[in-house]
Amino acid sequence: MATHDAVFVGAGINSLAAAALLARAGWDVCVLEREEVAGGCIRTVEGLTAPGFTHELMAAWHPLFTGSAAYAELRDELDRRGVEYLNTDLPTGTAFPDGSACFVWTSTEQNVRELDAHSPGDGAAWQAMFETFMANADLAFELLSTELWSASGLGLAQRALRRLGRRGLLELTGRTLVTCRDWLTDTFRSQAAHGLLAPWVLHTGLGPDQATSGFMTQVIAAALQLGGMPVPLGGGVRLVEALCGIVRDAGGEVRTGADVERILVADGRATGVRLADGETVGAARAVVASTTPTALYWKLLGEGDVPARVREAARRFRYGRGEMQIHVALDAPPRWRGSRAAELARTPVVHVTPGLDGVSRAVNEAERGLLPAEATIVCGQPCALDPTRAPEGKWVIWIQLQELPAGQVKGDAAGELDVGDGRWTEELREAYADRIVARLGESIENLAEETIARVVLSPADLERENVNLVGGDIYGGSCALDQNLLWRPLAQAPGHRTPVDGLWHIGASTHPGPGLGAGSGYLVYRELTRPPLARRLLARLPGR
Ligand SMILES: Cc1cc2nc3c(=O)[nH]c(=O)nc-3n(C[C@H](O)[C@H](O)[C@H](O)COP(=O)(O)OP(=O)(O)OC[C@H]3O[C@@H](n4cnc5c(N)ncnc54)[C@H](O)[C@@H]3O)c2cc1C
């Protein structure tokens with residue numbers, strides 16, 4: 001049996017970043033991935049729709065990665081390996097049904113001008129929001145990058161208390177709980193500003209009427225202005241290849257087609273894993289599982305390996321809404337309608353929605369098991385940043401629909417589609433995609449005539465691509481407050497340590513949740529490489 005220092009289950013961004021960092025720190029690591037390619041939700045597919053067109057099958061936008069601690073530490077090495085990020089001054093906008101549009105830019109002045117044009121005074125409101133947020137941005141970002149259930153989490157709370165005082169901390173915590181709707185309507189007068197920011201809450205796994213969604217919207221608004229919308233030249237595969245290269249060049253392994261079916265536990269300690277074909281791989285120091293809690297506690301571990309209350313909590317872990325991806329190859333760049341057509345054509349992420357109430361209604365319909373009558377269309381245009389994604393003069397569109405039922409579809413809110421027995425058949429998938437594409441065609445006038453080919457992935461298809469996307473939930477479990485932050489993944493097993501010694505839990509289901517920020521992988525890397533307490537105390541002695 002081969003034995004490594006650390007064995008990773010799954011090769012998503014969290015595993016790959018942690019494995020690369022550990023490999024650089026001298027660890028012998030082995031990453032085991034059940035699919036035929038590494039990368040998890042980062043999957044770049046050339047020719048998916050037609051020859052010469054490169055599509056991101058799932059995740060496409062990398063602001064969370066370029067803003068991450070993992071990137072800061074690995075950047076030199078990734079640069080050397082040719083990972084090049086392309087960015088823009090116009091990361092996002094919303095196209096409304098009446099042909100108007102509203103945008104977020106990467107400069108405060110432009111955002112002030114943009115919002116004032118929709119309603120005088122909203123520009124100042126944006127500026128005040130940004131300045132207030134930035135005054136405590138370190139605390140907000142640390143909340144999303146600290147192991148909360150630990151001494152570091154306590155340290156963060158103490159620092160916040162020292163800076164803000166008891167009243168101030170209470171106020172800030174209250175502001176963190178606000179809904180997106182309440183924050184938007186309290187802050188901005190124009191419906192355009194509401195419709196510009198409300199769709200972003202979908203990208204945090206929440207809806208605009210859920211607790212903390214207002215705070216998450218502010219984090220995103222600030223992050224968009226500060227960081228834009230970077231994508232890797234040539235696609236996410238470049239990042240995946242580079243991370244795998246770091247592991248392999250340090251003597252580690254990244255194996256694909258390696259399905260882990262059991263984590264081996266002896267005397268309460270994880271000692272390795274067993275693959276579906278019976279092979280065992282030993283882990284001398286750590287097993288790191290990037291799976292859902294359901295898979296970890298009900299499939300990979302045995303009944304006696306963890307307390308019954310933890311298993312029971314994992315059984316109750318809830319998954320969020322389903323998602324659909326539509327990939328389109330176009331023979332020419334899109335011609336957007338309206339007076340802001342030129343700006344829309346160069347914006348990488350455009351939302352198409354009637355506005356805040358439109359997002360709220362579609363989320364509510366999805367949560368009641370219905371196909372929304374008027375879904376929020378996330379229209380991604382990677383070619384706006386990276387022309388290599390399509391043959392010269394052509395274009396790809398990456399459409400994301402984040403408001404679909406978790407589990408079976410009970411009906412169609414528009415009363416148009418027969419949903420049959422509620423399963424995602426090919427017929428239902430294509431019929432729903434037709435409705436979306438027809439609606440997008442109201443904003444992009446040449447969409448139908450320039451379409452060369454399209455490929456659609458239903459929630460069920462997404463789960464087939466990556467077992468962690470249960471029911472097509474792309475965020476590894478509901479991000480409602482009771483399953484987020486301190487309570488992610490489980491109140492009974494918070495953070496990344498598990499009840500089994502030497503077994504760590506990472507990935508979207510764990511704090512700080514989904515996205516390409518590699519946050520959970522980074523936190524576990526830090527924990528594994530932390531010097532022992534005695535050495536840390538000695539290092540603090542005067543004169544050392
Ligand atoms: C369609 C879609 C679009 C998205 N768009 C964006 C975006 O643009 N920007 C962004 O920041 N985020 C985006 N996200 C979210 C983000 O991609 C994910 O939250 C993130 O990639 C999850 O990373 P992870 O480390 O949890 O692992 P994952 O990417 O989920 O990978 C886990 C891997 O583990 C493997 N695995 C699981 N169990 C086993 C086992 N027993 N044995 C071996 N292997 C196993 C799986 O096959 C999978 O490859 C998107 C997600 C999806 C699905």
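These remarks concern the structure in this document. Sequence positions are assigned chain by chain, starting from 1 and proceeding in written order. Per-residue local features are limited, in this predicted model, to residues with pLDDT of at least 70; the limit for side-chain atom pairs, both in listing and counting, is 80 or more; totals at the level of whole chains, interfaces and linings are taken over all residues. Note: side-chain values were computed over all heavy atoms of the structure, leaving out hydrogens and water.

1. With respect to the overall build of the protein
Along its length, the protein carries 20 helices and 22 strands. As a reference, a globule follows 2.2 Å times the number of residues to the power 0.38, and the radius of gyration itself is taken over C-alpha atoms. Whereas a compact globule of 544 residues would reach a radius of gyration of roughly 24 Å, the protein reaches 23 Å, a difference of no more than 12%. We call a residue buried when its accessible area falls under 20% of the maximum for its residue type, exposed when it is over 50%, and partly exposed in between, using a 1.4 Å probe and counting protein chains only. Evaluated residue by residue, the protein yields a buried proportion of 57% over its 544 residues. Here a residue-residue contact requires only that any non-hydrogen atoms of the pair lie within 4.5 Å. Within the protein, contacts between residues separated by at least 24 positions form 72% of all contacts whose residues are at least 6 apart in sequence. Using a 1.4 Å probe, accessible areas were evaluated by the Shrake-Rupley method; residue-level cover was limited to the displayed protein chains. With an accessible surface of roughly 21800 Å², the protein has 51% of that area assigned to carbon and sulfur atoms. The positive count covers Lys and Arg only, the negative count covers Asp and Glu only, and His and the chain ends enter neither. Here the site of a charge means atom NZ of a Lys, CZ of an Arg, CG of an Asp or CD of a Glu. Placing the 52 positive and 66 negative side-chain charges of the protein at their respective mean positions leaves the two points 8 Å apart. Comment: elements are numbered from the N terminus, with helices defined as DSSP H or I runs of at least four residues and strands as E runs of at least two.

2. Considering the site of the ligand
Taken together, 35 residues surround the ligand, and among them N14, E33, C41, A508 and G515 come closest. Note that an oxygen atom of the ligand is positioned 3.5 Å from one of the backbone N or O atoms of I13. Within the complex, 95% of the 1000 Å² of free accessible area of the ligand lies under protein. Of all elements in the fold, only α1 (13–24) and β13 (322–330) reach the threshold of two or more residues within the shell around the ligand. Residues were grouped as follows: Ala, Val, Leu, Ile, Met, Phe, Trp, Tyr, Cys and Pro as nonpolar; Asp, Glu, Lys and Arg as charged; and all remaining residues, including Gly, as polar. In terms of residue class, the shell around the ligand is made up of 18 nonpolar, twelve polar and five charged. Nearness is judged by heavy atoms alone; a residue qualifies as near a molecule or strand once a single heavy atom is within 4 Å of it. In protein, a polar contact requires one atom able to donate a hydrogen and another able to accept it; more generally it is a pair of N or O atoms within 3.5 Å, and residues adjacent in sequence count only if both atoms are side-chain atoms.

3. Observations concerning helix α8 (residues 180–187)
What α8 keeps buried is the set C180, W183 and L184. Buried residues in α8, looked at end-on, bunch into an arc of 95°, giving them a common side. Structurally, α8 contributes buried residues whose contacts are with α5 (122–135), α9 (191–197), α10 (213–227) and α15 (356–367). Comment: arc refers to directions from the helix axis out to C-beta atoms.

4. Quick notes on the pairing of strand β10 (residues 260–266)
When β10 meets strand β11 (residues 269–275), the two strands line up antiparallel, connected through six bridges. The residue of β11 that forms the bridge with L264 is G272. Here β10 hands over to β11 after two residues, with D267 in that stretch at a positive phi of 50°. Should DSSP find at least two bridges between two strands, the strands are regarded as paired.

5. Observations regarding the side chain of T176
Here T176 is to be found in helix α7 (residues 151–177). The contacts of T176, once residues within four sequence positions are left out, are T212 and F215.

6. Comments concerning the nonpolar core
In these notes, a set of buried Ala, Val, Leu, Ile, Met, Phe, Trp, Tyr and Cys residues joined through side-chain atoms within 4.5 Å is what counts as a nonpolar core. With 57 residues, the main nonpolar core has W61, L115, W126, L184, F188 and L197 as its most contacted residues. Of all elements in the fold, only β7 (101–104), α5, α6 (137–143), α7, α8, α9, α10 and α15 reach the threshold of two or more residues within this core. For this core, the element with the highest residue contribution is α10, accounting for seven residues. Contacts of F188, omitting those with residues within four sequence positions, involve L115, D122, A125, W126, W183, A193, H194 and L197. Core analysis: the second largest hydrophobic core is formed by 43 residues, L21, V240, V247 and V254 among them.

7. A few points about the pattern of salt bridges
What makes a salt bridge here is a side-chain nitrogen of Lys or Arg within 4 Å of a carboxyl oxygen of Asp or Glu, nothing more. In total, this model carries 41 salt bridges according to the counting rule given. Among the ionic pairs, R285 bridges to D5, the shortest N-O distance being 3.9 Å. In this pair, R285 sits in strand β12 (residues 280–289) while D5 sits in strand β1 (residues 2–9), placing the two residues 280 residues apart along the sequence. For R285, a relative accessible area of 41% corresponds to the partly exposed category. In the salt-bridge network here, residues are joined through shared partners; they are R429, E430, D434, R454, D461 and R464.

8. Considering the sheet that holds strand β16 (residues 377–380)
The strand order β7-β6-β14-β16-β17-β13-β19 describes an open sheet built from seven strands, whose pairing is mixed. Looking along the sheet, the strands with just one partner apiece sit at the ends: β7 and β19 (451–457). When the angles between neighbouring strand axes are averaged without regard to direction, this sheet yields 20°. In this sheet, strand β14 (residues 349–352) lies alongside strand β6 (residues 92–95) in parallel orientation, the contact comprising four bridges. The residue bridging A95 from the neighbouring strand is V352, located in β14. Note on geometry: axes are C-alpha line fits, over the in-contact stretch for helices, and angles between N-to-C directions span 0 to 180 degrees.

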